[in-house]
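Single-letter residue listing:
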Amino acid sequence: MSNVFADAALRYTAGSPQTGTAAFSVLSPTDFSAAWDEITAWSGYTPTPLISLEALAAEAGVARIDYKHEGPRFGLGSFKALGGAYAAMRVLQRELSSRLGTEVALADIREGKYADDCAKIVLVSATDGNHGRSLAWGCKNVGAPCRIYIHAEVSEGRAAAMRDLGAEVVRIDGDYDASVALAREEAEANGWFVVSDTSWEGYSEPPRDVMAGYGVMTREACDALEQAPTHVFLQGGVGGLAASVAAALRQYWKEDAPRVVVVEPELAACLFESAKSQKPVAVHIEEETIMAGLSCGEPSEMAWEILAEEARDFVTIPDSIVAPTVRLLAMPENPADKIEAGESAVAGLAAVLASGKDTEMAQNLGLGPTSRVLLIGSEGVTDPEIFARIMAGENA
């Protein structure tokens, strides 16, 4: 294995986990159950694979690493397919029920019974790529117009994928947080509906639905495991993925739920700084990380409620170990073990591999020869051009 992992400068801060109810109240078992019932009824639904990375587990000095590979999810290449599309349907359900004066069922929206009504409701969101693609796909499926805001660093390949699904894509000069602000502003001015994966004061239902949708992925992983993991390493971003998985694991495994480690790019570490301050903290992103889906400067307040109670550790990783991790998965000794993953998918694995070369970090995280680590491989190849550059030896 490359010395790049031994040389990686990881940063660590401890969380302040506590006994609380956020894992059951912010996202209830009913929220997860409703999302499971709906999403598993969608055309093309099939569980994504949970893959044992035996060689990399041995290299990292742990008993096992299980990698939930979300690349095949609904043909969209990302776990986001579970969140944005489901939240879009729930927004439509609430609005149609209000306009029509009767309770509208998700199944009827899914089956096209309200296509003419859906065509009059515009859904909007900001995205780094995957959430917007999921929203665009969900809107296309039910006939609702979709407007997606992207920032300057979102690749043209990801923008094109959203346009191909029928979305109107608006690119701005600023960063992700600026695109979020513009989406909110223009939605309010035009009577559109924001479907965001991050919450703010007075806005919580769509982000809750997004995170509930992600619970399908976690339940699949838990059902495939013979025993609870000791650790789960979760990507940061605004915190929606990490909070959803942490809550679902707590509900599934109860007191045996794994230790939650949140991993972020050192260039976009809002959750890390929030843990240090013990409250949600926004950070200014001065340079974009290779992990485009994690380039977020402001945490979701709803997600932080869960992570404040459930996350024990927070780690940042340098961009220098991301491309090598992608290549390790794509070029294993046994070709049958090949996994094609996107940049944001490998954050947790990169942290585990680097910790295996750093005795102090391994001790901080409680990693050792009996550790069983669960990872969420959140995306496959969502931008073929970037993936090709990484496989050619570039750090993209």
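Residues numbered from 1 in each chain as written. Predicted model: local features only at pLDDT ≥ 70, side-chain atom pairs only at ≥ 80, totals over all residues. Heavy atoms only, no water.

## A word on the packing of helix 7 (residues 130-142) against helix 8 (residues 156-164)
At their nearest, the axes of helix 7 and helix 8 sit 8 Å apart, and the two run at 10° to each other. The pairing of helix 7 with helix 8 is recorded here as roughly parallel in orientation. Contacts between helix 7 and helix 8 involve Gly-132, Arg-133, Ala-136 and Lys-140 from the former and Arg-158, Ala-161, Met-162 and Asp-164 from the latter. A class-by-class count of the residues in the contact of helix 7 with helix 8 yields three nonpolar, one polar and four charged. (Axes fitted to C-alpha atoms, helices over the stretch in contact; angles between N-to-C directions. Helix = DSSP H or I, 4+ residues; strand = E, 2+ residues; numbered from the N terminus. Parallel < 35°, antiparallel > 145°, perpendicular 65-115°, else oblique. Contact = heavy atoms within 4.5 Å. Nonpolar A, V, L, I, M, F, W, Y, C, P; charged D, E, K, R; others polar.)

## Here's the deal with unusual backbone geometry
Backbone phi values are negative for most residues with the exception of glycine, while trans is the configuration of most peptide bonds. Even without being a glycine, Phe-74 presents a positive backbone phi close to 50°. Overall, the relative accessible area of 15% leaves Phe-74 in the buried class. The backbone of Gln-278 shows a phi angle near 60°, a positive value even though the residue is not glycine. Its place among the elements puts Gln-278 in the loop between helix 12 (270-277) and helix 13 (301-310). (Buried < 20%, exposed > 50% of the residue type's maximum accessible area, 1.4 Å probe, protein only.)

## Some thoughts on the pattern of salt bridges
Counting across every chain of the model gives 25 salt bridges. Glu-59 is the salt-bridge partner of Lys-357, the closest N and O atoms lying 3.0 Å from each other. Taken together, the residues Lys-357 in the loop between helix 15 (347-355) and helix 16 (359-365) and Glu-59 in helix 3 (residues 54-60) connect sequence positions 298 residues apart. For Lys-357, a relative accessible area of 37% translates into the label partly exposed. (Salt bridge = Lys/Arg side-chain N within 4 Å of Asp/Glu carboxyl O.)

## Digging into helix 4 (residues 84-100)
Counted at 1.5 Å a residue, the expected span for helix 4 with its 17 residues is 24 Å, and the 24 Å between its end C-alpha atoms agrees. Where burial is concerned, most of helix 4 is hidden: twelve out of the 17 residues are buried. Buried within helix 4 we find Gly-84, Ala-85, Tyr-86, Ala-87, Ala-88, Met-89, Val-91, Leu-92, Gln-93, Glu-95, Leu-96 and Ser-97. Immediately downstream of helix 4, the backbone of Gly-101 shows phi near 70°, a positive value. (Expected span 1.5 Å × (residues − 1).)

## Quick word on empty space enclosed by the protein
Evaluated as defined, the whole model comprises three cavities of 30 Å³ or more. Estimated volume of the largest cavity: approximately 270 Å³. Along its surface, the largest cavity is lined by 24 residues, and Phe-79, Lys-80, Asp-197, Gly-293 and Leu-294 are the ones closest to its centre. (1 Å grid on protein atoms, 1.4 Å probe; cavity = no way out; pocket = protein on both sides within 12 Å on 5 of 7 lines; lining within 4 Å. Points joined across faces, edges and corners; volume = space filled by probe spheres on them.)

## Remarks on the side chain of Ser-344
Here Ser-344 lies in the loop between helix 14 (322-330) and helix 15. From its side chain, Ser-344 meets the backbone nitrogen of Gly-293 in a polar contact 3.1 Å long. Setting aside residues up to four positions removed in sequence, Ser-344 forms contacts with Gln-235, Met-291, Ala-292, Gly-293, Leu-294, Ser-378 and Glu-379. (Polar contact = N/O pair within 3.5 Å; in protein donor to acceptor, adjacent residues only side chain to side chain.)

## Considerations on the nonpolar core
Counting residues in each nonpolar core, the largest one holds 83 residues, and the members touching the most others are Ile-109 and Leu-123. Per-element tally for this core: the top contributor is helix 11 (residues 240-253), with nine residues. Phe-5, Leu-56, Val-315 and Leu-375 belong to the second largest nonpolar core, which has 44 residues in total. (Core = buried A, V, L, I, M, F, W, Y, C linked by side-chain atoms within 4.5 Å.)

## Some details on the pairing of strand 5 (residues 146-150)
For strand 5, the tally of buried residues reaches five of five residues, placing the bulk of the element in the interior. On strand 5, burial covers both faces: Cys-146, Ile-148 and Ile-150 on one face and Arg-147 and Tyr-149 on the other are all buried. As paired elements, strand 4 (residues 123-127) and strand 5 share five bridges and run parallel to each other. Counted as the bridge partner of Leu-123 is Cys-146 from strand 5. Each parallel crossover has a hand, and for strand 4 linked through helix 7 to strand 5 it is right-handed. Pairing between strand 5 and strand 6 (residues 168-171): four bridges, direction parallel. (Pairing = 2+ DSSP bridges. Right-handed = clockwise from strand over helix to strand, strands pointing away.)

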